[in-house]
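Residues per chain are reported as follows:
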Amino acid sequence: MTLARLAALHGVAPSYSPSPGRTVEAPDAALVAVLAALGVDAGTPESVRDALAAREAEAARLLPPTVVLWSGEPAPAWARELPEGVTLQLVTEQGERVEDWRPPGPVPLGVHRLRATAPDGAAADAHLIVAPPRVRTPDERAYGLLVQLYSLLSAKSWGMGDLGDLADLAAWAGRTAGAGFVQVNPLHAAVPGGAGPTDPSPYRPSSRRFPDPVHLRVEDIPEYAYLPDADRDRARELLVEAARLRDGVLHKSALIDRDAVWDLKRRALELVVRVPLGPGRRAAYWDFLAEQGADLDHHATWCAIAERHGPDWHTWPEPLRDPGSRETARARAELMDRVDFHSHLAWLTDAQLATAQRSARDAGMPIGLVHDLAVGVHPEGADAWAQQHIFAAGMSIGAPPDAFNSRGQDWGLPPWRPDRLAAAGYAPYRALLRGLLAHAGAVRIDHVMGLFRLWWVPAGQPPTEGAYVRYDAEAMLAVLALEAGRADALVIGEDLGTVEPGVREALDARGVLGTSVLWFERDWDGTGHPVPPEQWRTACVATATTHDLPSTAARLTGDHVRLRDSLGLLGRPLAREEAEATAEVAEWTALFARLGLLPGGGGGGLCEEEEIRAVHRFLLLTPARMVGVWLPDAVGDRRPQNLPGTWDEYPNWRLPIADPTGRPVPFEELTASPRAHALIDVLRSGLPRTAPPGARPV
């Protein structure tokens, strides 16, 4: 019990409930390992007693390291529970000093400094997060497109979709299709390939703080037009090679090869950055460097050192593993040209992201781009190197065993330490949100339950031998509300799967939208039947599928079952799996027919194209504030972008959007597709919106 009490005091759950009425105790070894990652020695009974005493003494502080005040709400518990006679001194972000401040007295939104002083002279300092009470929600219902950007190739792409394609998609979707937003996969910087290929998953990035320059449209960089003749000839040669890559993906069944694309773009960008910046552009670049500060300096330094010593910083010469060492500073000075190169690319990528969001808003989109925030970062990448003091060493996040996965999951992503986040006033979290929201109308937070708790797995142990670690959800939500408010942006939480009781209610109370996928919306606690549209929640994005699920066409035809069978992933006989999948679809299509969503009342002979339109008519009948359309569904793509549980067996994250036969569909063809336009007509008629000036009907 003593170990369990120590764990609980540090936010480590001694047990968890995988299902109602069932409790599982965390192994003692897991508690000891997780506590060690939090800097707490619990290896012996004596060390546990000492750690308990230290924690209880720490709990007697006048203030915890970070406290929250919701603007317009009554004084919070931490303020009401201060001992008698304690005074508070407030120093705001703007430098204003307020003596004897009394919560919830007037204070601007922001992250301020607070000092509590007791009559006996004891004092404690804290960060004070003052946040708006809620994130704003959509002013009107809107539908939008969900797309994995790399999969959207156009006639100008260099073998994978880029930010030029994103800007074009936003302009077309807003002006012609009447869409209100475009949601993309995480565009975070990836860990470059070393001896092997780059990890193609956008959900295991090197850095969540900066975007990946592989997404740049090189020809759209202003300096590209001023290449000297010799460099222009080299650039033309690279364009020819890029066309071969593009042609291979679109016409010769080649997979998207991120490394090949980056090799070409890097060589082209080496030429472009040699063109001198004009005075105005140079001033803008310097402003960007100043705004990004040490975060960009660390990121660019990691990129430069990785070029010399490989992408895994754990294998670098030992002094370089410390970003603050003198040897690292010396290496940075020696590699200044490369540091500047990577800083320059971050600026160029940021500028094209701004252009894409501007294109969306100019097209009349009320929201525009929705950027995706991955749940963590690659342990070998730039963030894990630069923020070692924030990450928990020797830990990975994942999921405990449940009804769907008896072995649990290990995602291979190191977690942030909640104690170090609080001590820093959540500065790393604030910075990455601010960067992500700079050119977005909304942010989607992958595994939003991670704001409350994460399953930590000690290195070398199976996922079953882990434990939940709690985060200060109020502080995490306050930072989220503060930064979203500053950006005037919406927040969407991916809350699929097992969700702890109370989490959805807490998110909803602060204006965070949820995610509702049609096939999961059943009365699980009652009849098990599909939930009627009028009973769906309002505060959500309603959609038919996601990047980790089968496309709607695959679901309707059963292709997703046959694919898993072909890869040996079925745990039961194929006939049984097919029968269950067919019954599930039949139950939904029967509901569509009863609601009059299928032509002819849903009689036999309907093609899956008509059924896909019925799926989206159904989504429009729900009260959901946002309706998301998986872009591959517009052309009947039957291949998932990611098939969980596979690695080399399936080409995850490397497939272009394709038609039902698997033939890739370039962006230009997609926008002219009668099938796509028929689906768009369903959505436009269900969610009418005033078109921007100059818009043309479909």
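In every chain, residue numbers begin from 1 and rise along the written sequence. The model is predicted, so local features are restricted to residues of pLDDT at least 70 and side-chain atom pairs to those at 80 or more, both for listing and for counting; the totals for chains, interfaces and linings are taken over all residues. Processing note: side-chain calculations cover all non-hydrogen atoms of the structure and skip hydrogens and water entirely.

Can you walk me through the pattern of salt bridges in this structure?
Definition used for salt bridges: Asp or Glu carboxyl oxygen within 4 Å of a side-chain nitrogen of Lys or Arg. Enumeration according to the criterion identifies 49 salt bridges in this entry. Across the pair arginine 102 and aspartate 100 runs a salt bridge whose closest N-O atoms are separated by 3.5 Å. When accessible area is computed with a 1.4 Å probe and restricted to protein chains, residues below 20% of their type maximum are described as buried, those above 50% as exposed, and intermediate ones as partly exposed. By relative accessible area, aspartate 100 is classed as partly exposed at 39%. The partner of arginine 613 in a salt bridge is glutamate 609, with the nearest N and O atoms 3.2 Å apart. Here glutamate 609 and arginine 613 lie together in helix H19 (residues 608-621), a separation of 4 residues that amounts to about one turn. The exposure class of arginine 613 is buried, given its relative accessible area of 11%. Glutamate 609 sits in the partly exposed class, given a relative accessible area of 23%. Through salt bridges with shared partners, a single network forms among Glu241, Asp263, Arg266, Arg267, Glu270, Glu307 and Arg338. To qualify as a helix, a DSSP run of H or I must reach at least 4 residues; to qualify as a strand, a run of E must reach at least 2; elements of each kind are numbered from the N terminus.

Could you clarify how one ought to interpret the packing of aromatic side chains in this entry?
Two aromatic rings, taken as a pair, are described by how far apart their centres are and by the angle between their planes. Ring geometry is summarised as follows: Phe, Tyr and Trp rings, the Trp one being its six-membered ring, pair when their centres sit within 6.5 Å, and such pairs are stacked at plane angles under 30 degrees, edge-to-face over 60 and tilted between the two. Per the stated rule, a full pass over the model turns up 15 aromatic pairs. Relative to tryptophan 653, the ring of tyrosine 203 has its centre 5.7 Å away and its plane inclined at 45 degrees; by these criteria the two rings are tilted. In this pair, tyrosine 203 is assigned in the loop between strand S10 (188-189) and strand S11 (207-211) and tryptophan 653 in the loop between strand S21 (626-630) and helix H20 (667-672), connecting sequence segments 450 residues apart. Taken individually, tyrosine 203 and tryptophan 653 each receive the classification buried, so the pair is uniform in this respect. An aromatic cluster of at least three residues, connected via ring pairs, comprises Trp519, Trp536, Trp588, Phe592 and Phe618. A ring is considered to have a charge above it if a Lys NZ or an Arg CZ atom is located within 6 Å of its centre and within 35 degrees of its normal. The aromatic ring of tryptophan 416 is capped on one face by arginine 208, whose charged end is 4.9 Å from the ring centroid. Here arginine 453 stacks its cationic end above the ring of tyrosine 468, 3.7 Å away from the centre of that ring.

Looking at this structure, I do not really get the sheet that holds strand S12 (residues 368-373). What am I missing?
Two modes of strand pairing occur in sheets, parallel and antiparallel, and in both the strands are linked by backbone hydrogen bonds. Strands pair, by our definition, only if DSSP identifies at least two bridges between them. With respect to topology, 8 strands assemble into an open sheet ordered S18-S15-S12-S9-S8-S21-S20-S19, the strand pairing being parallel. Lying at the two open borders of the sheet, with one neighbouring strand each, are strand S18 (490-493) and strand S19 (514-517). Direction aside, neighbouring strands of the sheet carry axes that sit 25 degrees apart on average. The pairing of S19 with strand S20 (residues 540-543) spans 4 bridges and is classified as parallel. Considered in S20, the bridge of threonine 515 is made with valine 541. Helix H5 (residues 163-175) rests against strand S8 (142-147), strand S9 (181-184) and S12 of the sheet, and its axis sits at about 150 degrees to S9. Helix axes use the C-alpha atoms of the stretch in contact, all axes being lines fitted to C-alpha atoms, and the angles between their N-to-C directions lie in the range 0 to 180 degrees. By the convention used here, residues are in contact when the closest approach between their heavy atoms is within 4.5 Å.

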